[in-house]
Amino acid sequence: MNDLRGSPEIEARKADHIRINLEENVQFPVLATGLEQFRLEHRALPELNLSEVSTTTEFLGACLAAPLLVSSMTGGTELARRINLNLAAACQEHNIAMGVGSQRAAIEDPSLAGSLQVRPVAPDILLLANVGAVQLNYGYGPDQCRRAVDMIEANALILHFNALQEAVQPEGDVNFAGLLHKVEKVCLTLGVPVIAKEVGWGFSIQDARDLANAGVAAIDVAGSGGTSWSEVEYHRAPDRFHARVAAAFANWGIPTTQAISNAREGAPDLPVIASGGLRDGIDVARCIALGASLAGLASPFLKAANESQEAVDELIRILIKQLEISMFCTGARDIDVLHNTPLLRVQRET
């Protein structure tokens, strides 16, 4: 099937997504991430000097100052350019990873590529390109994936999976049949690592197992409990019918902590990126202790980047300091120790 449709409608949709995320409450109304059920065990005698704590880590061969990822948010519209440059410049300053938003609009209209090209301000960061996996059923293949990587000089490619979001969009691409072997082909031929990413509803154990067998290099679980893209589509709905359909899925999905567990069980040999509702450095520490290699945040960074590069810089410094203190107060000298730090299971936080 060859269905490389033009981008004006896609560009408008991406602009809507930015506006709605900034202006509306699109968090899960009830469903939580599951992180509230876990606490790091406090050590009154950590036998550490805070200055000795190291947050450095390695991911996909890159050395990072902290296990942090600015998760994919936005692209394909000029509205995104300032946001992405603010994000990337701060990532360069602090040596953390960044994923760009969907590149579909820019692949189909190269004039939009500038909204995603951040290498001039971030020449050294671990940078992740991004294409919707479902587009492999709509005319995309390894060539388009390579264009996405080359467009932004990326180190790896995210294939994002957003079945529910597409299903509640009036204009959604809903043919997810037979995708796995096409994902495998991309993994075999692309030449850079491929990361499978959900967008906010998590992966099951079987999903993780299938994706590992297809050859992905990492799994970004993007569990439920943070931004609900069905809520975003509810706010975009053109009529009452589509609004009511989307509204029913406000609390759909696999909470982030369960999605981490699913990925660890289904793909035990792959690194896991924890994302979906993380809000501070303590959440980052809890996710690392649960088995994640990297922790991704989107909504907090979007709001900061809409303000300024300085606001992004401050947020990164806050997150890293919170992570450092969490490690210090649990006796974790480095990220490897944090991976093996016990968590206390609680019913709910007070």
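Thresholds applied
- For every chain, the first residue of its written sequence is number 1, and the numbers climb from 1 along that sequence.
- Local features in a predicted model are, by the rule used here, given only for residues with pLDDT of at least 70; side-chain atom pairs are given and counted only at 80 or more, and totals for whole chains, interfaces and linings are based on all residues.
- Heavy atoms throughout the structure, all of them, feed into the side-chain values; hydrogens and water do not.
- Secondary structure follows DSSP: runs of H or I at least 4 residues long count as helices, runs of E at least 2 residues long count as strands, and numbering of each begins at the N terminus.
- Using C-alpha atoms as the atom set, the radius of gyration is obtained and then compared with a globule rule of 2.2 Å times the number of residues to the power 0.38.
- Under the scheme applied here, a residue whose accessible area is under 20% of the maximum for its type counts as buried, over 50% as exposed, and between as partly exposed, the area being computed with a 1.4 Å probe on protein chains only.
- Residue burial considers only the protein chains on display, and all accessible areas are found by Shrake-Rupley using a 1.4 Å probe.
- Charged residues are defined here as Lys and Arg on the positive side and Asp and Glu on the negative side; His and the ends of the chain fall outside this count.
- The location of each charge is read from NZ of Lys, CZ of Arg, CG of Asp or CD of Glu.
- Salt bridges, as used here, are contacts in which a Lys or Arg side-chain nitrogen is within 4 Å of a carboxyl oxygen on Asp or Glu.
- We call Phe, Tyr and Trp rings a pair once their centres come within 6.5 Å, taking the six-membered ring for Trp, and we label the pair stacked below 30 degrees between planes, edge-to-face above 60, and tilted otherwise.
- Take the buried Ala, Val, Leu, Ile, Met, Phe, Trp, Tyr and Cys residues and link them wherever side-chain atoms come within 4.5 Å; each set so joined is a nonpolar core.
- We call two residues in contact whenever any of their non-hydrogen atoms come within 4.5 Å of each other.
- In the analysis that follows, any N or O atom pair within 3.5 Å is treated as a polar contact, provided that within protein one partner can donate a hydrogen and the other can accept it, and provided that, for residues neighboring in sequence, both atoms belong to side chains.
- Strand pairing requires that DSSP identify at least two bridges connecting the strands.
- Axis lines are fitted to C-alpha atoms, over the contacting stretch for helices. Their N-to-C directions set the angle, which ranges from 0 to 180 degrees.
- Expected span of a helix, by definition, is 1.5 Å for each gap between consecutive residues, and there is one gap fewer than residues.
- Confidence of the predictor in every single residue is expressed as pLDDT, which spans 0 to 100.
- The term disulfide is used for any two cysteine sulfur atoms that are within 2.5 Å.
- The crossover handedness rule: strands pointing away from the viewer, path from first strand over the helix to second strand clockwise, crossover right-handed.

Caption draft 1: Spatial organisation of the overall build of the chain. Summing up its helical and strand segments, the chain has 14 helices and twelve strands in all. Taking 20 Å as the expected radius of gyration for a compact globule of 350 residues, we find that the chain reaches 19 Å, a close match to that expectation. Projected onto its principal axes, the C-alpha positions of the chain cover 60 × 45 × 40 Å. Counting the 350 residues in the chain, one finds 56% classified as buried. Only carbon and sulfur atoms are counted for the fraction: they give 49% of the accessible area of the chain, which is about 14200 Å². Of the side-chain charges in the chain, 28 are positive and 42 negative, and the distance between the mean point of each set is 3 Å.

Caption draft 2: Structural detail: the pattern of salt bridges. On inspection of all chains with the given rule, the structure shows ten salt bridges. A salt bridge links Asp150 to Arg146; the shortest N-O distance between them is 3.2 Å. A residue pair is termed a helical-turn pair when its members lie 3 or 4 positions apart in one helix, as Asp150 and Arg146 do in helix 4 (residues 142-152) at four residues. The exposure class of Arg146 is partly exposed, given its relative accessible area of 29%. Note that Asp313 and Arg317 form a salt bridge whose closest N and O atoms lie 2.9 Å from each other.

Caption draft 3: Fine view of the packing of aromatic side chains. Across all of its chains, the model carries two aromatic pairs by this definition. Between Phe161 and Phe203 the ring centres are 6.0 Å apart and the planes differ by 75°, which places this aromatic pair in the edge-to-face class. A residue pair is termed long-range when its members are at least 10 positions apart, and Phe161 in strand 7 (residues 156-161) and Phe203 in the loop between strand 8 (194-198) and helix 7 (205-214) qualify at 42 residues. In terms of burial, Phe161 and Phe203 fall into one category: buried. On the basis of an interplanar angle of 65° and a centroid distance of 5.4 Å, the ring pair of Phe249 and Trp252 is categorised as edge-to-face.

Caption draft 4: Seen up close, the nonpolar core. With 88 residues, the main nonpolar core has Leu157, Leu159 and Phe301 as its most contacted residues. Counting residues per element, this core draws most heavily on helix 13 (residues 309-328), which supplies eight residues. For Leu157, the contacting residues outside a window of four places in its chain are Ala129, Asn130, Val131, Cys145, Ala148, Val149, Val186, Leu190, Val192, Pro193, Val194 and Ile195. In this structure, Phe59, Ala62, Leu126 and Ile273 belong to the second largest nonpolar core, which totals 13 residues.

Caption draft 5: Local environment of the side chain of Asp283. Within the fold, Asp283 resides in helix 11 (residues 281-289). At 2.9 Å, the side chain of Asp283 forms a polar contact with the backbone nitrogen of Arg279.

Caption draft 6: Region of the structure containing the sheet that holds strand 6 (residues 127-132). Strand order in the closed barrel formed by eight strands is 4-5-6-7-8-9-10-11, and the pairing between neighbours is parallel. Along the sheet, successive strands turn relative to each other by an average axial angle of 25°, direction set aside. Of the pairings in the sheet, the one linking strand 7 to strand 8 comprises five bridges and is parallel in character. Note that in strand 8 the partner of Phe161 across the bridge is Glu198.

Caption draft 7: A look at helix 11. Counting buried positions over the nine residues of helix 11 gives eight, a clear majority of the element. Looking only at helix 11, the buried set comprises Gly281, Asp283, Val284, Ala285, Arg286, Cys287, Ile288 and Ala289. At the N-terminal boundary of helix 11, the capping side chain belongs to Asp280, with an oxygen 3.0 Å from the backbone nitrogen of Ile282. Just beyond helix 11, the residue with positive phi is Gly291, at close to 120°.

Caption draft 8: Region of interest: helix 13. Under the 1.5 Å per step criterion, the end-to-end length of helix 13 is 29 Å for 20 residues, consistent within 8% with the ideal 28 Å. All of the buried residues in helix 13 are Ala311, Val312, Leu315, Ile316, Leu319, Ile320, Leu323, Glu324, Ser326 and Met327.

Caption draft 9: Structural detail: the confidence of the model for the chain. When pLDDT is averaged along the chain, the result is 93, and 93% of the positions lie at 70 or above. A low-confidence stretch, residues 1-6 stays under pLDDT 50, and its non-local contacts, those more than four residues away or across chains, total 17 contacts.

Caption draft 10: Examining the state of the cysteines more closely. Here the structure, examined in full by the defined rule, presents zero disulfides. Left unpaired, Cys187 is separated from the closest cysteine sulfur, that of Cys145, by 9.2 Å. Overall, the relative accessible area of 16% leaves Cys187 in the buried class.

Caption draft 11: Representation of the pairing of strand 11 (residues 294-297). Because side chains alternate across strand 11, one face comprises the buried residues Leu294 and Gly296, and the other comprises Ala295 and Leu297, equally buried. Looking at chain direction, strand 4 (residues 68-70) and strand 11 are connected through three bridges and run parallel. What sits directly across from Leu68, in strand 11, is Ala295. Each parallel crossover has a hand, and the one from strand 10 (residues 272-275) via helix 11 to strand 11 is right-handed.

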